[in-house]
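Chain by chain, the residues:
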Amino acid sequence: MIKKLAMILCGVCLSTSVMAKTQAEFQTYLDALKQEAIAKGYDSQLIDQAFAGASYKEKIVSADKNQPEVKETLETYLPKRVPQWKIDRARKLYAENQDVLEKVAKDFGVQARFIVAIWGLESNFGAIQGGHNVISSLVTLAFDGRRETMYKKQLWAALDILKSGHITLDKFKGSWAGAMGQTQFMPTSFNAYAVDYNNDGRKDIWTTKEDAFASIANYLKQEGWNDSLTWGRQVKLPENFDSKYVLVRGTKTRKQWLEFWNDSERSLAEWQALGVRRADGSDLPNVDVRAALVMPDDINGRMYLAYDNYKVFMHWNRSYYFATSVGYLSDRIGYPKI
């Protein structure tokens, strides 16, 4: 018993020693970051204020390294990601915000149902934005070193946001990975796409729905959205369909993914000739539109003919499940018409 207790106490002491060493190393790293920020031209007062509350968050490192790897298929994912209550709430909030949504849609050329779908999936319509100090999250992840360059880039972008006065430090909160607000933008995305739609001098994606809606729409439009198209449709393949026509999976970069997209892309007439049909077995639309054949799971799972707007979803988050869930929710928002 005494031996067991001694082993436990030894383990506690070792853990405490490791943590103390980590905290010391973190402080040294933080001091170096401050000097780098000064060299980049950031005001010393801003740096002192921004980094004053920065601390090492072991749970953030753990979350980054141990993200769940649960085996999903669209059959299990979509009911959880887009349950009926979320569809009902999306339609209700669309109706409540219809005037501003349709104004944003007209101004940016992005259908309102897609704005609401992303809003709902990214932050549960603004209800779940994350409560982590953005600076602490980014410094911790940069210090961890696995993706230091990326997170330092996000850190400088976060300082730019504070410097511009879009949010106060006490309210500068986000997910453990640094994604922020109702749109869950990373700081670089905020700087590239966020919009001050209500003209109050701040791009407020945290508490101002107008800014959040316009920021989502601006992102989609800047990345090539075409409001004369939808996103795609679920389809049915003929027996013994040649898998060479399917968009290749397992790409490492967006550039490679786009190359494979181009290999798969064909006109709807060509897909019709290859035996591809709507999910209910009827003919494909007789319109001059090109599409790639997307396979989120395997050849026996759901298949989609995806239009160019699908590529924009995949720029937002290069996940077939994310892109397809946005499209699916947008369809349930838009039909029947509100």
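Quick caveat: nothing in here was measured; it's all calculated off a predicted structure. (Residues numbered from 1 in each chain as written. Predicted model: local features only at pLDDT ≥ 70, side-chain atom pairs only at ≥ 80, totals over all residues. Heavy atoms only, no water.)

Things to note about the overall build of the protein chain
The following threshold applies: In this description a helix means any DSSP run of H or I spanning at least four residues, a strand means any run of E spanning at least two, and both kinds are numbered starting from the N terminus. Burial classes follow relative accessibility: with a 1.4 Å probe on protein chains only, a residue under 20% of its type's maximum area counts as buried, one over 50% as exposed, and anything between as partly exposed. Residues are treated as being in contact if the distance between any of their heavy atoms lies within 4.5 Å. Methods summary: accessible areas were calculated by the Shrake-Rupley approach with a probe of 1.4 Å, and residue burial reflects only the protein chains presented. In this charge count, Lys and Arg are treated as positive and Asp and Glu as negative; neither His nor the chain ends contribute. The atom standing in for a charge is NZ when the residue is Lys, CZ when it is Arg, CG when it is Asp and CD when it is Glu.
From N to C terminus, the protein chain includes 15 helices and seven strands. Across the 338 residues of the protein chain, 48% fall into the buried class. Excluding contacts between residues fewer than 6 apart, the proportion of contacts in the protein chain whose partners are at least 24 apart in sequence is 72%. A total accessible area of about 17,200 Å² is found for the protein chain, and carbon and sulfur atoms account for 51% of it. The distance from the centre of the 45 positive side-chain charges to the centre of the 40 negative ones in the protein chain is 3 Å.

Topic: the confidence of the model for the protein chain
As a reminder of what qualifies: Values of pLDDT, which run from 0 to 100, indicate the predictor's confidence residue by residue.
Predicted confidence across the protein chain gives a mean pLDDT of 91, with 92% of residues reaching 70 or more. Across residues 5-19, where pLDDT falls below 50, the model places two contacts with residues more than four positions away in sequence or in other chains.

What about unusual backbone geometry?
A cis amide bond links Y335 to the next residue, P336, at an omega of 0°. Among the structural elements, P336 can be located in the segment after α15 (320-334). Within the chain, N124 stands out as a residue other than glycine whose phi angle is a positive 50°. The residue N124 is located in the loop between α7 (112-123) and β1 (132-133) in this model. Backbone geometry places N240, a non-glycine residue, at a positive phi of 60°. As for its placement among the helices and strands, N240 is situated in the loop between β3 (232-236) and α12 (254-264). Taking relative accessible area as the criterion, N240 reaches 79% and is therefore assigned exposed.

Considering the nonpolar core
Here is the rule: Among the buried residues, those of types Ala, Val, Leu, Ile, Met, Phe, Trp, Tyr and Cys that are joined through side-chain atoms within 4.5 Å form a nonpolar core.
Counting residues in hydrophobic clusters, the biggest one holds 92 residues, and the most contacted among them are F51, V104, I135, F172, L220 and Y310. Considering every element that reaches this core, the biggest residue donor is α7, with eight residues. Not counting chain neighbours up to four residues away, the residues in contact with I135 comprise A50, F51, A54, L155, A158, L159, L162 and F172. Ranked by size, the runner-up nonpolar core spans 16 residues in total, among them F241, Y245, W271 and L284.

Comments concerning the sheet that holds strand β4 (residues 266-267)
Hydrogen bonds along the backbone pair up the strands of a sheet, which may run parallel or antiparallel. Stated formally: Strands are labelled as partners when DSSP assigns at least two bridges between them. Every axis corresponds to a line fitted to the C-alpha atoms, with the helix fit spanning only the stretch in contact, and the corresponding angles, defined between N-to-C directions, vary from 0 to 180 degrees.
One open sheet accounts for five strands, arranged β4-β6-β7-β3-β5; its pairing is antiparallel. Among the strands making up the open sheet, the edge pair consists of β4 and β5 (277-278). Judged from the three bridges that link them, strand β6 (residues 290-294) and strand β7 (residues 303-306) form a sheet pairing that is antiparallel. When the bridges of β7 are listed, L293 appears paired with L305. Here α12 sits on the sheet in contact with β4, β6 and β7, set at roughly 110° to β6.

Remarks on the packing of helix α6 (residues 98-108) against α7
What describes two packed helices is the angle between their axes and the distance between those same axes. Heads up, the condition is: Roughly parallel covers angles under 35 degrees, roughly antiparallel covers those over 145, roughly perpendicular covers 65 to 115, and oblique covers all other angles. Each helix crossing is assigned a hand: it is left-handed if the near helix lies turned anticlockwise from the far helix by less than a right angle, otherwise right-handed if that turn is clockwise.
Axis separation between α6 and α7 bottoms out at 8 Å; the angle between their running directions is 115°. The orientation of α6 with respect to α7, classified from their angle, is roughly perpendicular. Once α6 is placed against α7, the crossing between them reads as right-handed. Between α6, through L101, V104 and A105, and α7, the contact on the second element is made entirely by A112, I115 and V116.

So, the packing of aromatic side chains
Which entries qualify depends on this criterion: Between 30 and 60 degrees the pair is tilted, below 30 it is stacked and above 60 it is edge-to-face, where a pair is any two Phe, Tyr or Trp rings, Trp via its six-membered ring, whose centres lie within 6.5 Å. Lysine NZ or arginine CZ positioned within 6 Å of the ring centre and within 35 degrees of the ring normal marks a charge as sitting over the ring.
Evaluation of the coordinates by the stated rule reveals 25 aromatic pairs. Measuring from ring centre to ring centre gives 6.4 Å for F185 and Y193, while their planes differ by 55°; the resulting arrangement is tilted. In this pair, the class of F185 matches that of Y193, namely buried. Ring plane angle 20° and centroid distance 6.4 Å describe the contact between W261 and Y310, whose orientation is recorded as stacked. With a gap of 49 residues between them, W261 in helix α12 and Y310 in helix α14 (residues 308-316) connect regions that are remote in the sequence. For the residue pair W261 and Y310, the accessibility class agrees, reading buried in each case. Ring-pair connections join several aromatic residues into one group, and the members of that group are W231, W257, W261, Y304 and Y310. Across from the ring centre of W271, 5.7 Å away, lies the NZ or CZ of R266, which sits over that ring.

Comments concerning the pairing of β6
Counting buried positions along β6 gives four out of five residues, so the element sits mostly inside the fold. Taken together, the two bridges between β4 and β6 define a ladder with antiparallel strand orientation. Residue pairing across strands places R266 opposite A291, the latter belonging to β6.

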